[in-house]
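Chain by chain, the residues run as shown.
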Amino acid sequence: MAAVMAGGMVPPLAIAISTTFFRNKFTLTERKLGCQNYLKGLMFISEGTIPFVQKDPCLVTLACIVASAVAGGFSMLYNCGIRIPHGGIFVLPLIAHPFRYIVALLAGSLCGAVIYGFFKEIGEEWYEIYIFDIDGTLTDNTTGKIVPSAQEALDKLQENGNFVAIATGRAYYKAKTS
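Note that residues are indexed from 1 along each chain, following the sequence as it is written. In keeping with the model being predicted, local features are shown solely for residues with a pLDDT of at least 70 and side-chain atom pairs are shown and tallied solely at 80 or more, while totals for entire chains, interfaces and linings include all residues. Here the side-chain values reflect all heavy atoms present in the structure, with hydrogen atoms and water set aside.

Digging into the overall build of the protein
So the rule is basically this: Helix numbers and strand numbers start at the N terminus; a helix is a DSSP run of H or I with at least 4 residues, a strand a run of E with at least 2. Contact between two residues is taken to exist if any of their heavy atoms lie within 4.5 Å; hydrogens are not considered. Computed with the Shrake-Rupley method and a 1.4 Å probe, the accessible areas treat only the protein chains shown as cover for residues.
Helices and strands together make up the secondary structure of the protein, namely seven helices and two strands. For the protein, the sequential pattern of α-helices and β-strands runs α-α-α-α-α-β-α-β-α. Counting contacts in the protein only where the partners sit at least 6 residues apart, residues at least 24 apart contribute 72% of the total. Accessible surface computed for the protein: about 10,600 Å², of which carbon and sulfur atoms make up 65%.

See the structure below:
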């Protein structure tokens, strides 16, 4: 069971390590998601890999399979065993040869990270789009002007590199005056 658990822990750890050491190949959003995978991997939550698999299914799947095989293989070679099939780092004290198990996790994670980072193409930067309605959302219904707190929030969104737009049923000339 230790090999099975290693196989599930390693993919998010490999992605996390890859986004850390091959930073220039990942967008800001991918790097943020990658950092979350350190904790997810240690907790045996493999779903942290999903956004990366969706973007590059062949490469991520290949890197994760190799990483899992290496970690599982080393855990079997080191005779690591556990009767609990799940639990991640929380059940480490229950694993036979826990330090060897950590070495197996590191070996698999590093192997997957190098494969993914080395073969990944440089990603295009993502940005988020925020679309707001004017009436009652951004403007005061009595004055028709943008509320100062809303303007401050819009400015912060734009400063952080996001695209801000409005959606309205008004004619252009009426929306322009708000």
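So, helix α1 (residues 2-21)
Heads up, the rule is: Between the first and last residue of a helix there are one fewer steps than residues, each counted as 1.5 Å, and that sum is the expected span. To get the bend at any residue, fit one axis to the seven residues that end at it and another to the seven that begin at it, then take the angle between the two axes. We call a residue buried when its accessible area falls under 20% of the maximum for its residue type, exposed when it is over 50%, and partly exposed in between, using a 1.4 Å probe and counting protein chains only.
Its 20 residues give α1 an end-to-end C-alpha distance of 27 Å, which sits within 8% of 28 Å, the value for a rise of 1.5 Å per residue. Where α1 bends most, at V10, the angle is about 30 degrees, and the proline P11 comes one to four residues later. In terms of burial, α1 is a largely internal element, 17 of the 20 residues being buried.

Observations concerning the packing of α1 against helix α5 (residues 98-119)
Relative orientation and spacing of two packed helices are given, respectively, by the angle between their axes and the distance between those axes. So the rule is basically this: For helices, the fitted axis covers only the stretch in contact; all axes are lines through C-alpha atoms, and the angles between them, taken along N-to-C directions, range from 0 to 180 degrees. Small angles under 35 degrees read as roughly parallel and large ones over 145 as roughly antiparallel, with 65 to 115 read as roughly perpendicular and the rest as oblique. Working rule for handedness: look at the near helix, and if it is turned counterclockwise from the far one by less than a right angle, call the crossing left-handed; if clockwise, right-handed. Throughout, the ten residues Ala, Val, Leu, Ile, Met, Phe, Trp, Tyr, Cys and Pro are labelled nonpolar, Asp, Glu, Lys and Arg are labelled charged, and all others, Gly among them, are labelled polar.
The interhelical angle for the contact between α1 and α5, taken along N-to-C directions, is 45 degrees, at an axis separation of 7 Å. Comparing the axis directions of α1 and α5 gives the class oblique. Crossing angle aside, the handedness with which α1 passes α5 is right-handed. Contacts between α1 and α5 pair A2, M5, A6, M9, V10, L13, A14, I15, I17 and S18 from the former with Y101, L105, G108, S109, L110, G112, A113, Y116 and G117 from the latter. A breakdown of the residues in the contact of α1 with α5 according to their chemical character gives 14 nonpolar, five polar and no charged.

Concerning the pattern of salt bridges
Convention followed: For this analysis, a salt bridge means a side-chain nitrogen from Lys or Arg found within 4 Å of a carboxyl oxygen belonging to Asp or Glu.
What the rule picks out here adds up to three salt bridges. Of the charged contacts in the structure, one is a salt bridge between E30 and K55, with a shortest N-O distance of 2.9 Å. Placement of E30 in helix α2 (residues 28-42) and of K55 in helix α3 (residues 50-55) is noted, with a sequence separation of 25 residues between them. Between K156 and E152 there is a salt bridge; the shortest N-O distance is 3.6 Å. Of this pair, K156 and E152 both sit in helix α6 (residues 148-159), four residues apart, which is roughly one turn of the helix.

A short note on the packing of α1 against α2
Contact geometry of α1 with α2 gives a least axis separation of 7 Å together with a crossing angle of 145 degrees. Considering only the axes of α1 and α2, their crossing is left-handed. Residue-level inspection shows M9, P12, L13, I15, A16, I17, T19 and T20 of α1 in contact with α2, the latter providing E30, R31, G34, C35, N37, Y38, K40, G41 and L42. By residue class, the composition of the contact of α1 with α2 is nine nonpolar, five polar and three charged.

Topic: the nonpolar core
Formally: Residues enter a nonpolar core if they are buried and are Ala, Val, Leu, Ile, Met, Phe, Trp, Tyr or Cys, with the set joined through side-chain atoms within 4.5 Å.
Formed by 16 residues in total, the largest nonpolar core has its most connected members in M5, M9, I95, Y101 and L105. Going through the elements one at a time, α1, α4 (57-77) and α5 are the ones with two or more residues in this core. Per-element tally for this core: the top contributor is α1, with six residues. Setting aside anything within four residues of it in sequence, one finds L105 in contact with A6, M9, V10 and A71. The next biggest cluster of nonpolar side chains, apart from the first, holds nine residues, and it includes I15, F52, A63 and Y116.

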